[in-house]
Amino acid sequence: MDGPRKDDTYYWAEHKEFHVGDSLIFKYDRNVSDVTQVSDAQEYEFCNSSSPKAVYNTGHDIVTLTEPGSHYFISSNHSQCVTGQRLHVGDSNEWSVPEESDFYYKWSEEKQFHVGDNLLFYYNDQVNDVLEVSSDLEFNILRPSSPVATHNTGQDLIKLTKPGIQYFISSKTGQCEAGLKLRVVVRPLFRALPRTRRMRSSPLDRFFKWLHRFRPHPHH
């Protein structure tokens, strides 16, 4: 993590496979930088180190991956982070034509998405883009007449803001047909329902109930 060119670390990590128990070794000048582990894609994308999960600053840090999923590391030196001194390892794939046409379908089926989650699309903005479309029909015919949104920065962070189904495709000829499209089912945030408390009866109430059991009943 020693002053890479922008996206160098991304492409390095993209072609590696990481497993629980693997270790990352960070070497750098501790006088000008550090390694800050952040929680999510949004903090990573915007180089936000205000609420770190962990901070390493020895200049020679060994970080072991202890759980599956994505892991985000940035420099808390904002100018260094935005020029490429950051690393994302784990569950990520570049937004590009997959080897198997149903890759993105299988990927999304294995995940659970909720309101507030983020999707981070990485790709070469000279040859690709991300279009958000509104219906299953547009998703399947791959010819959107009026996309909900168009993203073309090469590093698009898209926040899932409402429950329902969201569709993403590429507008480039042949890309969608080859499998470059993503459908995600967004679930609402889970909220615990308030518990219904049973009102405890007073001693007087219990006394009257007890008396009621001994009231004489008329015989027919």
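An account of the accompanying structure is given in this report.

Conventions we followed
- Residues numbered from 1 in each chain as written.
- Predicted model: local features only at pLDDT ≥ 70, side-chain atom pairs only at ≥ 80, totals over all residues.
- Heavy atoms only, no water.
- Helix = DSSP H or I, 4+ residues; strand = E, 2+ residues; numbered from the N terminus.
- Buried < 20%, exposed > 50% of the residue type's maximum accessible area, 1.4 Å probe, protein only.
- Contact = heavy atoms within 4.5 Å.
- Areas by Shrake-Rupley, 256 points an atom, 1.4 Å probe, with all protein chains shown as cover.
- Disulfide = S-S within 2.5 Å.
- Pairing = 2+ DSSP bridges.
- Core = buried A, V, L, I, M, F, W, Y, C linked by side-chain atoms within 4.5 Å.
- Salt bridge = Lys/Arg side-chain N within 4 Å of Asp/Glu carboxyl O.

### Some details on the overall build of the chain
Check the secondary structure of the chain and you find 6 helices and 13 strands. The burial tally for the chain puts 34% of its 220 residues in the buried class. Sequence-distant contacts, at least 24 apart, represent 71% of the contacts inside the chain between residues at least 6 apart. When the accessible surface of the chain is totalled, it reaches about 14,600 Å², and 51% of it is carbon and sulfur.

### Things to note about the state of the cysteines
Evaluation of the coordinates by the stated rule reveals 1 disulfide. Covalently, cysteine 47 is tied to cysteine 81 through a disulfide, its sulfur atoms 2.1 Å apart. Between cysteine 47 and cysteine 81, the disulfide has an S-S torsion of -80° and is therefore left-handed. Of this pair, cysteine 47 sits in the loop between α2 (41-45) and β3 (54-56) while cysteine 81 is found in helix α3 (residues 78-82), placing the two residues 34 residues apart along the sequence. Using a relative accessible area of 5% as the deciding quantity, one classes cysteine 47 as buried.

### Structural notes on the sheet that holds strand β7 (residues 113-114)
Strand order in the open sheet formed by 5 strands is β7-β13-β12-β9-β10, with mixed pairing between adjacent strands. Edge positions in the sheet fall to β7 and β10 (149-151), since each of these pairs with one other strand and no more. Direction of pairing for β7 relative to strand β13 (residues 181-187): parallel, over a ladder of 2 bridges. If you follow phenylalanine 113 over to β13, its bridge partner there is valine 186.

### A few points about the environment of proline 163
Mapping proline 163 onto the fold places it in the loop between β11 (155-159) and β12 (164-169). Not counting the four nearest positions on each side in its chain, proline 163 is found in contact with Val115, Val186, Arg187 and Pro188.

### Some thoughts on the pairing of strand β2 (residues 35-38)
Burial along β2 is two-sided: Val35 and Gln37 and Thr36 and Val38, pointing in opposite directions, are all buried. Across 3 bridges, the pairing between β2 and β3 is antiparallel. Bridge pairing in β3 places glutamine 37 opposite alanine 54. As paired strands, β2 and strand β5 (residues 71-74) are joined by 3 bridges and run antiparallel to one another. Bridge assignment links valine 38 to a residue of β5, and that residue is tyrosine 72.

### Observations concerning the side chain of histidine 151
Within the secondary structure layout, histidine 151 lies in strand β10. The class of histidine 151 is buried, set by a relative accessible area of 19%.

### A closer look at the nonpolar core
If you look at the biggest cluster of nonpolar residues, it comprises 15 residues, and the most contacted ones within it are Trp95, Leu119, Phe121, Val130, Phe168, Leu182 and Val184. Taken together, the elements giving at least two residues each to this core come down to β8 (118-122) and β13. In terms of residue count, the dominant contributor to this core is β13 (3 residues). With sequence-adjacent residues up to four places away left out, phenylalanine 121 is seen in contact with Trp95, Val130, Gly154, Gln155, Asp156, Ile158, Phe168 and Leu182.

### Description of the pattern of salt bridges
Oppositely charged side chains may form a pair once their charged atoms are brought near each other. Considering all chains together, one arrives at 1 salt bridge under this definition. Ionic pairing is found between aspartate 102 and lysine 106, a salt bridge with its closest N-O pair at 3.4 Å. On the basis of relative accessible area, aspartate 102 is assigned to the partly exposed category, the value being 29%. A relative accessible area of 41% means that lysine 106 is categorised as partly exposed.

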